[in-house]
Amino acid sequence: MATSYPDLMLYIDGAWRKSAETLPVLNPADETVVGAVPVASRADLDDALAAADKGFRIWSRTAPAKRAAIILKAAALMRERIDEIARSITLEHGKPFPQARLEVIRGCEFFEWDAAEGQRTYGRVVPSEPGIRYIVHHQPIGTVAAFSPWNFPMSQPARKIAGALASGCSIIIKAAEETPAGAYHIARAFHDAGLPAGVFNLVFGVPADISSYLIPQPQVRLVAFTGSTAVGKHLSELAARHMTPVLMELGGHAPVIVCDDVDPVEAAVTSAVRKARNAGQVCTSPTRFFVQERIYKTFADTFAEKARAVSIGNGFDAGVEMGPLANHRRIEAMEMLVADARAKGARVLAGGERLGNRGYFFPVTVLADLPDDARVMREEPFGPLAVINPVSSLDEAIEKANALPFGLAAYAFTHSASNADRLADGIEAGNVSINTLEASVAEVPFGGVKDSGYGREGGIEGLLPYTVVKNVSHRMA
Ligand code: NAD
């Protein structure tokens, strides 16, 4: 299979730009350099701000149906180019090629859903006394400064670009420097689909330099970020100083409650397969398993057996189910969390050690019987690490699920309608999934509570952060 990687460029005011300064892009499967990402200068950022300001004036006054047509054309181009985009993703991120293809499809679904929703940002007429009319409008908020992470190189930037463009906003997105090709391919598709210049601008660089420069600018009317809670809090503080609203999709530490009315083997196999997806580098990855005592041993043993069977290797090799971790920081994090858990008495049922020393390979690792003070019980591993503990009751499981400051995705397995109701009511999370480990699809709102952030992406709620509500009171003469 051809493994060409694009000649990356910035995209500002409808034109491609090189930069004298670049950063290397590594293939995490073998640590070779596959490309170079351009670093935006201050002048590039100023140009992007001016272009986005101009782009907003054009795009916000473009008919929603015309906006939708351009977004759908771009999505159709991405679907046509799926293999080329997926190859770039596997090269820079490491995930298996079939998973990279699924990511591209998911990203296109975000564009397609939001394109349709952008035509339905209805306001309302409020009943009033005779002679006066109140009309509530949802208007596009303005220029969006967006920051997307490296775990889904195409679908993460797609979420933010889709929301902004479907609502009539312009956007400057700083995509992830370690996995820049997904956003680059999106820019290419929009360029080819005829998006007016300035509406969509793509930059890369040193994240802190770019965010601290863009966020205080008066043109920026919304900051949209996906990444860690620590960085999200920092960017929210920066935005608050300028009274700029934020959309924050931050970390999680998803609990999974397994009730003893289900088949523990089936639940364990489903869970282990899902844990391996994207090598666990997903904010909704199932991580803290609380299993009712009667089925605990069967569940843990089956999970470990399936974890050991996951085929790990280069994402381009046939049959590979899990690629390397995306960067060396994740290897360090896995090693630290496993060492800490071992020292505190946890049992390692599968994995636990880095595989080889070339490429960032780490197996699906299963830890059991952990004390509450093990770091991995509190810190999001963001890698292929699952922790399994027994619980004696549903109440205990719900209490443990809610014990952390995170509240993004949560899962449960049960066939009891009354258990399902108690779980759905009692778990503090933006997304609760029962008997499925899927938490985020285009047609439902996705986002967190507590330290996992605020605002929603997707569903009919997904465009709200990109709009402002204006009430017009009109007394008729
Ligand atoms: P990190 O906290 O340094 O960075 C997280 C993301 O934020 C990266 O994409 C990075 O480029 C960006 N970032 C960092 N500082 C920034 C700044 N000052 N301004 C703008 N953007 C900034 O950690 P990392 O090692 O890259 O990622 C590991 C952690 O990030 C994980 O533990 C996980 O919690 C979180 N993460 C979450 C998601 C998600 O989907 N919610 C995705 C990727 C990473």
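Computed from a prediction, not measured in an experiment: that's the story for all the values here. (Residues numbered from 1 in each chain as written. Predicted model: local features only at pLDDT ≥ 70, side-chain atom pairs only at ≥ 80, totals over all residues. Heavy atoms only, no water.)

1. Considerations on the packing of aromatic side chains
Now for step 1: On inspection of all chains with the given rule, the structure shows ten aromatic pairs.
Now for step 2: Ring centres of Phe-289 and Phe-299 lie 5.8 Å apart, and the angle between their planes is 40°; this geometry places the pair in the tilted category. Here Phe-289 is found in strand 13 (residues 286-292), whereas its partner Phe-299 is found in helix 10 (residues 293-309), with ten residues between them in sequence.
Now for step 3: Chaining the aromatic ring pairs together yields one cluster made of Tyr-11, Trp-16, Phe-111, Tyr-184, Phe-190 and Phe-200. (Phe/Tyr/Trp six-rings, centres within 6.5 Å; stacked < 30°, edge-to-face > 60°. Helix = DSSP H or I, 4+ residues; strand = E, 2+ residues; numbered from the N terminus.)

2. Some words on the confidence of the model for the protein
Now for step 1: Averaged over all residues, the pLDDT of the protein is 97; the fraction at 70 or higher stands at 99%.
Now for step 2: The ipTM value of the predicted complex is 0.96, and its pTM value is 0.97. (pLDDT = per-residue confidence, 0-100.)

3. Section: the sheet that holds strand 20 (residues 467-475)
To summarise the sheet geometry, strands pair through backbone hydrogen bonds and adopt either a parallel or an antiparallel arrangement.
Now for step 1: Reading across from one edge, 5-6-20 is the order of the three strands in this open sheet, with antiparallel pairing throughout. The strands lining the two open edges of the sheet, one partner per strand, are strand 5 (124-126) and strand 20. Neighbour-to-neighbour, the strand axes of the sheet open up by a mean angle of 25°, direction not taken into account.
Now for step 2: One ladder, built from nine bridges, connects strand 6 (residues 132-140) with strand 20; its direction is antiparallel. For Ile-132, the partnering residue across the bridge sits in strand 20 and is Arg-475. (Pairing = 2+ DSSP bridges. Axes fitted to C-alpha atoms, helices over the stretch in contact; angles between N-to-C directions.)

4. A short note on the site of the ligand
Now for step 1: Lining the immediate environment of the ligand, one finds 21 residues, of which Trp-150, Ser-211, Ser-228, Arg-329 and Glu-380 sit closest.
Now for step 2: Compared with its free state, where it exposes 780 Å², the ligand has 83% of that area covered by protein.
Now for step 3: In this structure the site holding the ligand corresponds to the largest pocket.
Now for step 4: Those elements that provide at least two residues to the shell around the ligand are helix 7 (207-214), strand 10 (220-226), helix 8 (229-240) and helix 11 (328-343).
Now for step 5: Here the element with the most residues in the shell around the ligand is helix 7; it accounts for three residues. (Near = heavy atom within 4 Å. Areas by Shrake-Rupley, 256 points an atom, 1.4 Å probe, with all protein chains shown as cover. 1 Å grid on protein atoms, 1.4 Å probe; cavity = no way out; pocket = protein on both sides within 12 Å on 5 of 7 lines; lining within 4 Å. Sits in = over half its atoms within 2 Å of the grid points.)

5. What to know about the nonpolar core
Side chains of nonpolar character tend, in soluble globular proteins, to be buried together.
Now for step 1: Core analysis: the largest hydrophobic core is formed by 83 residues, its most contacted members being Met-78, Phe-111, Met-154, Phe-190, Phe-200 and Leu-202.
Now for step 2: At eight residues, the largest contribution of residues to this core is made by helix 6 (residues 181-193).
Now for step 3: Beyond its immediate sequence surroundings of up to four residues, Phe-190 is in contact with Ile-70, Ile-71, Ala-74, Met-78, Phe-111, Ile-161, Leu-165, Leu-195 and Phe-200.
Now for step 4: In terms of nonpolar packing, the next biggest core, distinct from the first, is built from 62 residues, Ala-254, Phe-290, Phe-303 and Met-322 among them. (Core = buried A, V, L, I, M, F, W, Y, C linked by side-chain atoms within 4.5 Å. Buried < 20%, exposed > 50% of the residue type's maximum accessible area, 1.4 Å probe, protein only. Contact = heavy atoms within 4.5 Å.)

6. Description of empty space enclosed by the protein
Over the atoms rolls a probe the size of a water molecule, and in doing so it shows where empty space is left.
Now for step 1: Under the criterion given, the structure shown has four cavities of 30 Å³ or more.
Now for step 2: Around the largest cavity, the lining is made up of 13 residues, and of these Pro-255, Arg-288, Phe-406, Gly-407 and Ala-409 lie nearest the centre.
Now for step 3: Every element with two or more residues in the lining of the largest cavity is listed here: strand 12 (254-258) and strand 17 (409-413). (Points joined across faces, edges and corners; volume = space filled by probe spheres on them.)

7. Brief notes about the environment of Tyr-466
Now for step 1: Considering the arrangement of structural elements, one finds Tyr-466 in the loop between strand 19 (453-454) and strand 20.
Now for step 2: By relative accessible area, Tyr-466 is classed as buried at 1%.
Now for step 3: For Tyr-466 and Ile-141, which are 325 residues apart along the polypeptide, the C-alpha to C-alpha distance reads 5.4 Å.

8. Here we look at helix 13 (residues 417-426)
Now for step 1: Buried within helix 13 are the following residues: Asn-419, Ala-420 and Leu-423. Buried positions in helix 13, seen along its axis, are confined to an arc of 100° and lie on one side of it. For helix 13, exposure combined with an orientation more than 90 degrees from the buried face picks out Ala-417, Asp-421 and Asp-425.
Now for step 2: On the buried face of helix 13, the contacting elements are strand 12, helix 12 (394-401), strand 17 and strand 18 (431-434). (Arc of directions from axis to C-beta.)

9. Topic: the state of the cysteines
Now for step 1: Under the counting rule described, the total for this entry stands at zero disulfides.
Now for step 2: Looking at Cys-283, it has no disulfide partner, and the nearest cysteine sulfur is the one in Cys-108, 20 Å off.
Now for step 3: In this structure Cys-283 comes out as buried when scored by relative accessible area, which is 10%. (Disulfide = S-S within 2.5 Å.)

10. Comments concerning helix 5 (residues 155-167)
Now for step 1: Along its 13 residues, helix 5 runs 18 Å from first to last C-alpha, staying within 8% of the 18 Å computed at 1.5 Å per residue.
Now for step 2: Counting buried positions over the 13 residues of helix 5 gives 13, a clear majority of the element.
Now for step 3: Following helix 5 by one or two positions, Gly-168 adopts a phi angle in the positive range, close to 95°. (Expected span 1.5 Å × (residues − 1).)

11. Considerations on the side chain of Thr-414
Now for step 1: Counting through the fold element by element, Thr-414 comes out in the loop between strand 17 and helix 13.
Now for step 2: Of the polar contacts made by the side chain of Thr-414, one reaches the backbone nitrogen of Ser-416; its length is 3.0 Å.
Now for step 3: If sequence neighbours within four positions are ignored, Thr-414 has contacts with Cys-259, Asp-261, Val-262, Asn-419, Ala-420, Leu-423, Ile-434 and Asn-435. (Polar contact = N/O pair within 3.5 Å; in protein donor to acceptor, adjacent residues only side chain to side chain.)

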